Amino acid sequence: MTTTLLLRHADLLVTMDDSRREIADGALFARDGVIEAVGPSAELPASADTVIDARGQIVVPGLVNTHHHFYQTLTRALRPAQDATLFDWLRVLYPVWERLTPEMLAVSTQIALAELALSGCTTTSDHLYLFPNGCRLDDCLEAAAPVGLRFHAARGAMSVGASQGGLPPDSVVEGEAAILADSQRLIERWHDPQRFAMQRIVVAPCSPFSVSRELMRDAALLAREHGVSLHTHLAENDSDIAYTREKFNCTPAEYAEQLGWLGPDVWHAHCVKLDAAGIAAFAASGTGVAHCPGSNMRLGSGVAPVRALRDAGVPVSIAVDGSASNDSSHLLAEARLALLLQRVAHGAAALGARETLEMATRGGARVLGRDDIGHLAPGMAADFVAFALDEVGTAGALHDPLAALLFCQPPRVRSNVVGGRFVVRDGRLATLELALLVERHNRLAGRLVG
């Protein structure tokens, strides 16, 4: 049955379309989850099956999160890891994470998605790279579906344990043949290549310090055989660089290039220490980057060269990273950090509000290889979020509501709509009972941490 949706009278509707239109008294009309018209309210239909009155609100395309570790919501702010850099942080947490159960994966997935939805996210990726105690990526996929966000589930992997010179303990690594076989199974079971897909699979060995060169190469071959994307961590901090040079006698970008990990179907998380040659290689190949400012700050990893990446033409997106290295899954707040951190490194004109919002919307869509999300225009998915502008944190900033989103205290999400369906309505999660979920999640976190 055909269903229609009309959003009208937004104080400002930010399209992020090819012309970057910002429409006062803006409106959007969608049919069966696909946008048919965007423009001033007076020029669009006057009625629909569902009508959203957006007076006093700014409406923007749904934000796109390109790197996360949902399960880490269970180990936020863990005391022994609070002041550690990346490698030490991982060494503290690996023995905790090896106690994960399928139930913990499912509940942490829903908590992370709920937090993302309430912060303006409509599409997210997640990178799960350890599978103890019968855990499967299927646990996350099944738990994610009722929440209602678009989900790119990255089948991560670790295959080189400490006994072979890797960072993770042997107890959390897998055999490489099993990794590849399960990746293929997941693609065949879950991957939807169609426009407007709700779930896709990504092939995603974890990092140079936890898998072999052979697995990286074979993973790339498998992904391209099946037409799915590739994702991993790269050049995150100085220790990461030193490991790659010592073990492989190359830079991280050279490592990626040697193994087939450059191209428009690839995106790498962090890239804090990507050098000039690496930036040029990423730009020439269309390889994407997930910028994770909160995590990079939390772990003392450094400031990613976002200005240089964008100036070179590298696709750059914004991501919250894991909720044990950032401790927050608030994507709008993460975009604000991205804006401010570039100014710390490169001056007050280094990055503006509109460019930052572009990275969080169109940039994320491009990095994930999608042409159906990221901006509001006819033929695009009806994925949008509305923020209230009547809060104390944005008082005095209404002369530029878009800038207020990035410079001021992030306002509440009033509506989050994915494919024409409410995920957040009137500021409340519409698809799950959040209070009960939080209570269950806290019980499981206490059991996991012990």
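See above for the structure.
To start, this report covers the structure provided alongside it. (Residues numbered from 1 in each chain as written. Predicted model: local features only at pLDDT ≥ 70, side-chain atom pairs only at ≥ 80, totals over all residues. Heavy atoms only, no water.)

Some points on the pairing of strand 15 (residues 413-418)
In the case of a regular strand, side chains alternate between the two sheet surfaces.
Logical step 1: For strand 15, a buried count of 5 out of 6 residues is recorded, marking the element as mostly surrounded by other parts of the structure.
Logical step 2: By the bridge criterion, 4 bridges tie strand 14 (residues 384-388) to strand 15 in an arrangement that is antiparallel. The residue bridging Phe384 from the neighbouring strand is Val417, located in strand 15.
Logical step 3: Both strand 15 and strand 16 (residues 421-425) contribute to a ladder of 4 bridges, which runs antiparallel. (Buried < 20%, exposed > 50% of the residue type's maximum accessible area, 1.4 Å probe, protein only. Helix = DSSP H or I, 4+ residues; strand = E, 2+ residues; numbered from the N terminus. Pairing = 2+ DSSP bridges.)

Some thoughts on the packing of aromatic side chains
Logical step 1: Taken as a whole, this structure holds 9 aromatic pairs when the rule is applied.
Logical step 2: Centre to centre, the rings of Phe70 and Phe151 are 5.6 Å apart; their planes meet at 25°, and the pair counts as stacked. Note that Phe70 is positioned in the loop between strand 6 (63-65) and helix 1 (86-97) and Phe151 in strand 8 (residues 150-157), a separation of 81 residues in sequence. Accessibility classification places Phe70 together with Phe151 in one group, the buried group.
Logical step 3: Summarising the aromatic geometry, the rings of Phe248 and Tyr255 are spaced 4.9 Å apart at their centres and angled 35° between planes, so their arrangement reads as tilted. The two residues Phe248 and Tyr255 agree in class, both being buried.
Logical step 4: Through a chain of ring-to-ring contacts, three or more aromatic side chains come together here, namely Tyr71, Trp89, Tyr94, Trp97 and Tyr129.
Logical step 5: Over the aromatic face of Phe131 sits the side chain of Arg155, whose NZ or CZ is 4.2 Å from the ring centroid.
Logical step 6: The lysine or arginine in question, Arg189, covers the ring of Trp190, its NZ or CZ lying 4.0 Å from the ring centre. (Phe/Tyr/Trp six-rings, centres within 6.5 Å; stacked < 30°, edge-to-face > 60°. Lys NZ or Arg CZ within 6 Å of the ring centre and 35° of its normal.)

Overview of the pairing of strand 12 (residues 288-291)
Logical step 1: Taking every second residue as pointing to the same face, both faces of strand 12 are buried, with Gly288 and Ala290 on one and Val289 and His291 on the other.
Logical step 2: One ladder, built from 3 bridges, connects strand 11 (residues 266-270) with strand 12; its direction is parallel. Pairing of His268 across the sheet is with Val289, part of strand 12.
Logical step 3: In this fold, strand 11 hands off to helix 8 (residues 276-285), which returns the chain to strand 12; that crossover is right-handed. (Right-handed = clockwise from strand over helix to strand, strands pointing away.)

Structural notes on the sheet that holds strand 7 (residues 121-128)
Logical step 1: On the basis of which strands lie adjacent, the open sheet formed by 8 strands has the order 6-7-8-9-10-11-12-13 and parallel pairing. Looking at strand neighbours, the two that pair on one side only are strand 6 and strand 13 (316-318), the edges of this open sheet. Sheet twist, expressed as the average angle between the axes of neighbouring strands with direction ignored, equals 25°.
Logical step 2: Running at roughly 110° to strand 13, helix 12 (residues 353-367) makes contact with strand 6, strand 11, strand 12 and strand 13 of the sheet. (Axes fitted to C-alpha atoms, helices over the stretch in contact; angles between N-to-C directions. Contact = heavy atoms within 4.5 Å.)

Overview of the state of the cysteines
One covalent bond between the sulfur atoms of two cysteine residues makes up a disulfide.
Logical step 1: Tallying each qualifying case throughout the model produces 0 disulfides.
Logical step 2: Cys250 forms no disulfide, and the closest cysteine sulfur to it belongs to Cys271, at a distance of 14 Å.
Logical step 3: Judged by its relative accessible area of 2%, Cys250 falls in the buried class. (Disulfide = S-S within 2.5 Å.)

Regarding the packing of helix 4 (residues 176-190) against helix 5 (residues 213-226)
Logical step 1: At their nearest, the axes of helix 4 and helix 5 sit 11 Å apart, and the two run at 20° to each other. Relative to helix 5, the element helix 4 lies roughly parallel. In the crossing of helix 4 with helix 5, the sense of the turn from one axis to the other is right-handed. On helix 5, the residues touching Glu176, Ile179, Leu180, Ser183, Gln184, Ile187 and Glu188 of helix 4 are Glu214, Leu215, Asp218, Ala219, Leu222 and His226. (Parallel < 35°, antiparallel > 145°, perpendicular 65-115°, else oblique. Left-handed = near helix turned anticlockwise from the far one by under 90°.)

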